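# An overview of the molecular structure
The lines below spell out each chain.
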Amino acid sequence: MSQSPAKRNFSRRAALAGIGASGAILAQYAAGALAGETPAPAEKGDQEVTLTPCPTATAIAALPALAEGALVQTAGFHAPGDGGGALYRIGKPGEDTQPNGADVIALENGLAAVLLEGEAVSYKMFGAVGDGEHDDGVEIKLAHQYAGKHQIPIVNLSGEYWIKQTNDIPITTNVHWGK
């Protein structure tokens, strides 16, 4: 059963409006992370959820006392501004959320930071370097597996990525590589 075009356009508009508003708020918290400010609570219904800014995904494991349900906003994966910034939810590792150093990052307290999918993902959100020298195959494969699982596209408009030893990369969703 297909949706009418008007219904589909409304949901896209609503989703984009929500993403735009939340993106502006999250950008404020990411800027705070770079300035070394303390985390601020964000309200979600009747629950209070803590949004913790963090400069990089690789630094999440070193954050003290992250509680289950907290959100962490990064400004990059390896370095702030490298294109790998993302939003993570803190939770218990499970069958589908085993730490892999990319979309699921192990924490010292036994919990894990799990990437929250959005409209799209990029290779840099999974730790790819894109410098034309580093073998980014493992990270690219993880990105495509995640995109396929969540049925979202991969948008990767810049970088020179090398795949030297990784095989069987499942490209099952749209990919936009730019020019």
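The structure under discussion appears in the preceding block.
Attention in this report is confined to the structure presented alongside it. Values in this document were obtained by computation on a predicted structure and should not be read as measured data.

One finds Ile60, Tyr88, Ile90, Leu115, Val121 and Phe126 to be the most contacted residues of the largest nonpolar core, which totals 29 residues. Per-element tally for this core: the top contributor is helix α2 (residues 137-150), with five residues. In contact with Phe126, not counting residues within four places along its chain, are Phe77, Ala102, Asp103, Leu115, Val121, Glu139, Leu142, Ala143 and Tyr146.

The next point concerns α2. The end-to-end C-alpha separation of α2 is 20 Å, in line with the 20 Å expected for 14 residues at 1.5 Å each. Taken together, the buried positions of α2 are occupied by Gly137, Glu139, Ile140, Leu142, Ala143, His144, Tyr146, Ala147 and Gly148. In the core, the buried residues of α2 are packed alongside β6 (112-115), β7 (131-135), β8 (154-155), β9 (160-162) and β10 (175-176). The first or second residue beyond α2 is Gln151, which carries a positive phi of 50°.

Counting through the fold element by element, Ser122 comes out in the loop between β6 and β7. Residue Ser122 is classed as buried on the basis of its relative accessible area, which comes to 11%. Ignoring anything within four residues of it in the chain, the contact list for Ser122 reads Gly83, Ala143, Val155 and Asn156.

Relative to the elements of secondary structure, Gly83 occurs in the loop between β3 (71-74) and β4 (87-91). The class of Gly83 is partly exposed, set by a relative accessible area of 45%. Separated by 39 residues in sequence, Gly83 and Ser122 have C-alpha atoms that sit 8.1 Å apart. Aside from chain neighbours lying at most four places away, what touches Gly83 is Ser122, Lys124 and Met125.

With respect to the element layout, Glu133 can be found in strand β7. Each C-alpha atom, one on Glu133 and one on Glu160, is 8.3 Å from the other, the two residues being 27 residues apart in sequence. Sequence-distant contacts of Glu133, defined by excluding residues within four places in its chain, comprise Trp162 and Lys164.

Here we come to the pairing of β3. Taking every second residue as pointing to the same face, both faces of β3 are buried, with Leu71 and Gln73 on one and Val72 and Thr74 on the other. Judged from the three bridges that link them, β3 and β4 form a sheet pairing that is antiparallel. Its bridge partner being in β4, Leu71 is matched across the sheet by Arg89.

Tracing the backbone through its elements, the reader meets Gly178 in the segment after β10. Not counting chain neighbours up to four residues away, the residues in contact with Gly178 comprise Asn156 and Leu157.

Thresholds, definitions, all that
- Each chain has its residues counted from 1, running along the sequence as written.
- With the structure being a predicted model, the display of local features is reserved for residues of pLDDT at least 70 and the display and counting of side-chain atom pairs for 80 or more, all residues being used for whole-chain, interface and lining totals.
- Hydrogens and water are ignored here; the side-chain numbers use all heavy atoms of the structure.
- Nine residue types can take part in a nonpolar core, namely buried Ala, Val, Leu, Ile, Met, Phe, Trp, Tyr and Cys, and a core is a set of them joined through side-chain atoms within 4.5 Å.
- Only protein chains enter the calculation, and the probe is 1.4 Å; a residue is then buried if its accessible area is under 20% of its type maximum, exposed if over 50%, and partly exposed in between.
- Secondary structure elements are defined from DSSP: runs of H or I of at least 4 residues count as helices, runs of E of at least 2 residues count as strands, and each element is numbered from the N terminus.
- Residue contacts follow a heavy-atom distance rule, with two residues in contact if any of their heavy atoms lie within 4.5 Å.
- Here a helix's expected span is defined as the number of its residues, less one, multiplied by 1.5 Å.
- Should DSSP find at least two bridges between two strands, the strands are regarded as paired.

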